[in-house]
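Coordinate inspection notes
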Amino acid sequence: MREHYKALQRKIVLIMVAAAIVPLIILAAINYFEFQATFLREAQTPFRSIVAKTKNSFELFLAERSSTVSLIASIYGYDDLADKGTLRRIFLAMQREFAGFADLALIDEDGRIVNYVGPYYKELEGVDYSSQEWFHRVRSQNRYTSEVFSGFRHFPHVVIAVRHTTPDGQSWIVRATLDTTQFKKILAAMNLEPGSDAFLISRQGILQTDSAYYGKALEPVPLDLPAAGQEATVAESVDSRGRKILVSVAGIADTDFVLMAVKSTDAFLLNWLIVRLDLLLVFLFSCLCIYFVAARTVGRLIDRLHQSDQERERAMLQMEHSQKLSSIGRLAAGIAHEVNNPLAIINEKAGLLQDIVALEKEFPKRDMFEAQLASITAAVQRCKDITHRMLGFARRMDVKIEQLNVNDMVRETLTFLEKEALHRQVRIVLELDDSLPAVSCDRGQLQQVFLNVLTNALAAVPEGGRTTIRSFARGASFIAVSFEDNGVGMDEETRAHIFEPFFTTKGEEGTGLGMSIIYGIVKRHGGDIEVQSELGSGSTVTVILPIRQPGTGART
Amino acid sequence: MTSDNTISTVLIVDDEVEFAFTLAQRLGLRGYAASVAHDGESALRSIAEARPDMVLLDVMLPGMHGIEVLRRIRELDQDLPVILLTGQAGARDGIEGMKRGARGYLAKPVDLGELLEFFHGPNREA
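Residues numbered from 1 in each chain as written. Chains lettered and ligands numbered in written order. Predicted model: local features only at pLDDT ≥ 70, side-chain atom pairs only at ≥ 80, totals over all residues.

Glancing now at the overall build of chain B. On a plain count of helices and strands, chain B comes out with five helices and five strands. Across chain B, helices and strands are ordered from the amino to the carboxyl terminus as β-α-β-α-β-α-β-α-β-α. With 126 residues in all, chain B has 40% of them scored as buried. Put simply, of all contacts in chain B between residues at least 6 apart along the chain, 53% involve residues at least 24 apart. (Helix = DSSP H or I, 4+ residues; strand = E, 2+ residues; numbered from the N terminus. Buried ≥ 20, exposed ≤ 12 C-beta atoms within 10 Å, placed from the backbone. Contact = placed C-beta atoms within 7 Å.)

In structure tokens form, the structure reads like this:
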């Protein structure tokens, strides 16, 4: 039986927990992915914007330099530029105004160096560029910014070349060289967090500046190259060392350069991990809460169910028991009745024999006969006692609910005790409300209740005391009968245990069952007994009975 | 109700033949003229023919119940003293009978002394 409730409890808890946790899991999963996406976005946005800003810096830097070279090519005539002194003066002014110019050269239409200012004048004396690619590019485009290369100088540099054509058809090329230390300064200004890296590459994937992690300038970059447009883009990737990275690229306008920045996702992952842990803790805590609430609630529910089942079972047993007793009672009554008839015959026959013996003047062995007949009569008397006891038992078993007037019942009960009250000079005061409706009770049991309470009241008062019996309505559906005495009263202890079986204040004289039995009777009738008492100043016992009983009737 | 000290005829109504006749015999020995009826119908006939001074009426009779017999007797005669004999001491039948005008009731087996007391006095219970 116990197992059955355990299994039921487990099942209900499981269903409740599942019903609560499944939506929680769905919610947590949605949260998880939303958070992840948000985190990724939050990590990418500033990264992209700094890359975009730096790209603009590069574009501005190169555009300034290119414009300067173009300006020089157009405002000075060929002869001025071919003059060593003038070119030197121009170059010094350029260096002063714009950082990064390494040299300046004038190249004629055929690719030969005409004039040169810079540190490599010896190496470059009369060099012919006509076969070099940049020369062809500048001839066709008029303006050209090269990739980084070492060339004749053996250090990474960028060439800016501008071709100028006069209205009369003469043209020349002014070429300046930029060293890449300026690039490094721009990149350093990005102020990237440690572990990150930023560098320029060519569209072919050749490093243009030194990288902290991915090689020196002019080496190929060991990363997958995302398609680089004008706008900065961010993508997730894994580098050659297996690190998870974010890669941002932005193409620099009018050049082959691509700005590339690499950021480890570790920091971002750590933040995400913390948030994820928070999420997990909240989830686990919620699960625990749900489980405990479900388990406790269901546990209490099941306990109550178990209790009410037990109560019902007890009530069923009690009913069965009382029905059994009732049928035993009926059986006893039947037997007593049947036995009484032959018993009556025996009794009369023996009586007749006694009569005959008594009437005969001369009866031999009269004494012996009379003795025998006397013992027959005595035996009949014993049998009569037995059958009467059986009938008495049967009557007790037979509860009959009747509509009774409590006032009549009080008066009837009083007749049993009037003699004792008179003898002890106890005054009994009746204050009965005659307008009370009838109550549904068993006559014998109600009499037992009143008799018991009244006996106790009389026992409590001293000689010459007083007992007041009142009947009155208690609310709309109850009638109360109170028995007030001015006797010895009860202490706290007695009052607390008064209805417990075997509790008695009368020592050996009492069984301690009276009050517990009548309490049971009143409870079964749907009523209650209230006790008010003060030690030394008396007690009031109030029997409360319902006017209408729930159901058809109580059977004991 | 008359206090009657001059009872001489008694009708015993009981289906237990042996009981009825033996009791009749014992009353006979004490100077009463006792007759016997074994059911309600014959008892009523007998009362109608010759009114006895006293009726001893068993409650558990075959056919008509003792209480019903008592009711019919009261229809015929308001004053005829009736003593009920019951199988159950102090039982509802006895009380019911008292309400319907029986002088008293006695539980079987009957003590003759108790019964004779009824012959001399008015209403009282055993």
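The discussion continues.
A tally of helices and strands in chain A yields twelve helices and 16 strands. For chain A, with 556 residues in total, the buried portion stands at 27%. Counted over contacts in chain A with a minimum sequence separation of 6, partners at least 24 positions apart contribute 61%.

All names here are of chain B. Read across the open sheet, the five strands follow the order 2-1-3-4-5; overall the sheet is parallel. Looking at which strands have only one partner, the edges of the open sheet turn out to be strand 2 (33-37) and strand 5 (104-107). Neighbour-to-neighbour, the strand axes of this sheet turn through a mean angle of 20°, independent of strand direction. Examined bridge by bridge, strand 3 (residues 54-58) and strand 4 (residues 82-86) share four bridges and lie parallel to one another. Bridging across to strand 4, leucine 57 finds its partner in leucine 84. Helix 1 (residues 17-29) rests against strand 1 (9-13) and strand 2 of the sheet, and its axis sits at about 170° to strand 2. (Pairing = 2+ DSSP bridges. Axes fitted to C-alpha atoms, helices over the stretch in contact; angles between N-to-C directions.)

All names here are of chain A. Contact geometry of helix 10 (residues 443-460) with helix 12 (residues 514-524) gives a least axis separation of 10 Å together with a crossing angle of 140°. One element, helix 10, and the other, helix 12, form an angle in the oblique class. Crossing handedness for the pair helix 10 and helix 12: left-handed. For the pair helix 10 and helix 12, the contacting residues are Gln445, Gln448, Val449 and Asn452 in the first and Gly514, Ile518, Ile521 and Val522 in the second. Tallied by class, the residues present in the contact of helix 10 with helix 12 amount to four nonpolar, four polar and no charged. (Parallel < 35°, antiparallel > 145°, perpendicular 65-115°, else oblique. Left-handed = near helix turned anticlockwise from the far one by under 90°. Nonpolar A, V, L, I, M, F, W, Y, C, P; charged D, E, K, R; others polar.)

Contacts between the two partners involve 17 residues from chain A, matched on the other side by 15 residues from chain B. Residue assignment for the side of chain A that touches chain B shows that the elements contributing at least two residues are helix 7 (266-359) and helix 8 (366-397) of chain A. Sort the elements by how many residues they give to the side of chain A that touches chain B and helix 7 of chain A lands first, with 13 residues. Across the side of chain A that touches chain B, the residue classes break down as seven nonpolar, six polar and four charged.

Before going further, it helps to spend a moment on unusual backbone geometry. A negative phi holds for most residues other than glycine; trans holds for most peptide bonds. With an omega dihedral of -5°, the bond running from lysine 108 of chain B to proline 109 of chain B counts as a cis peptide bond. With respect to the secondary-structure elements, proline 109 of chain B resides in the loop between strand 5 and helix 5 (112-120). In this structure, lysine 365 of chain A takes a positive phi of about 55° despite not being glycine. You can see lysine 365 of chain A is positioned in the loop between helix 7 and helix 8. Take lysine 365 of chain A: there are 10 C-beta atoms within 10 Å of it, and that puts it in the exposed class. At glutamine 425 of chain A, a position not held by glycine, the phi torsion is positive, near 55°. Relative to the assigned elements, glutamine 425 of chain A resides in the loop between helix 9 (406-423) and strand 11 (427-432).

To continue, consider the confidence of the model for chain B. Summary statistics for chain B give a mean pLDDT of 84 and a share of 87% for residues scoring 70 or more. Scored by ipTM, the complex comes to 0.85, with pTM at 0.45. (pLDDT = per-residue confidence, 0-100.)

Another aspect to go through is the environment of threonine 504 of chain A. All names here are of chain A. Along the chain, threonine 504 turns up in the loop between helix 11 (492-497) and helix 12. The exposure class of threonine 504 is partly exposed, given the 17 C-beta atoms found within 10 Å. With ten residues separating them along the chain, threonine 504 and glycine 514 place their C-alpha atoms 9.1 Å apart.

Another point: the sheet that holds strand 11 of chain A. All names here are of chain A. Across the sheet, five strands lie side by side as 11-13-14-16-15; this open sheet has mixed pairing. The open sheet is flanked by strand 11 and strand 15 (528-534), the only strands paired with a single partner. Across the sheet, the mean angle separating the axes of adjacent strands is 15° when strand polarity is ignored. Both strand 13 (residues 466-474) and strand 14 (residues 478-485) contribute to a ladder of eight bridges, which runs antiparallel. Each bridged residue has a counterpart across the sheet, and for alanine 473 the counterpart in strand 14 is isoleucine 479. In this fold helix 10 packs onto strand 13, strand 14 and strand 16 (538-546), with an angle of close to 25° to the strand it touches most, strand 14.

Below, the discussion takes up the nonpolar core. Judged by nonpolar contacts, the single largest core of 61 residues is most densely connected at Leu104, Val174, Val258, Leu259 and Met260 of chain A. With eight residues, helix 1 (residues 2-75) of chain A is the single largest residue contributor to this core. Not counting residues within four places of it along the chain, the set of residues in contact with leucine 104 of chain A comprises Leu87, Ile90, Phe91, Met94, Val117, Gly118 and Ala176 of chain A. Val10, Leu57, Val69 and Leu106 of chain B belong to the second largest nonpolar core, which has 39 residues in total. (Core = buried A, V, L, I, M, F, W, Y, C linked by C-beta atoms within 7 Å.)

A word on the pairing of strand 15 of chain A. Residue and element names in this part refer to chain A. Pairing geometry for strand 15 and strand 16, over seven bridges, is antiparallel. What sits directly across from glutamate 530, in strand 16, is threonine 542. With antiparallel pairing between neighbouring strands as the criterion, strand 15 and strand 16 make up a hairpin whose turn holds three residues, including glycine 536 at a positive phi of roughly 95°.

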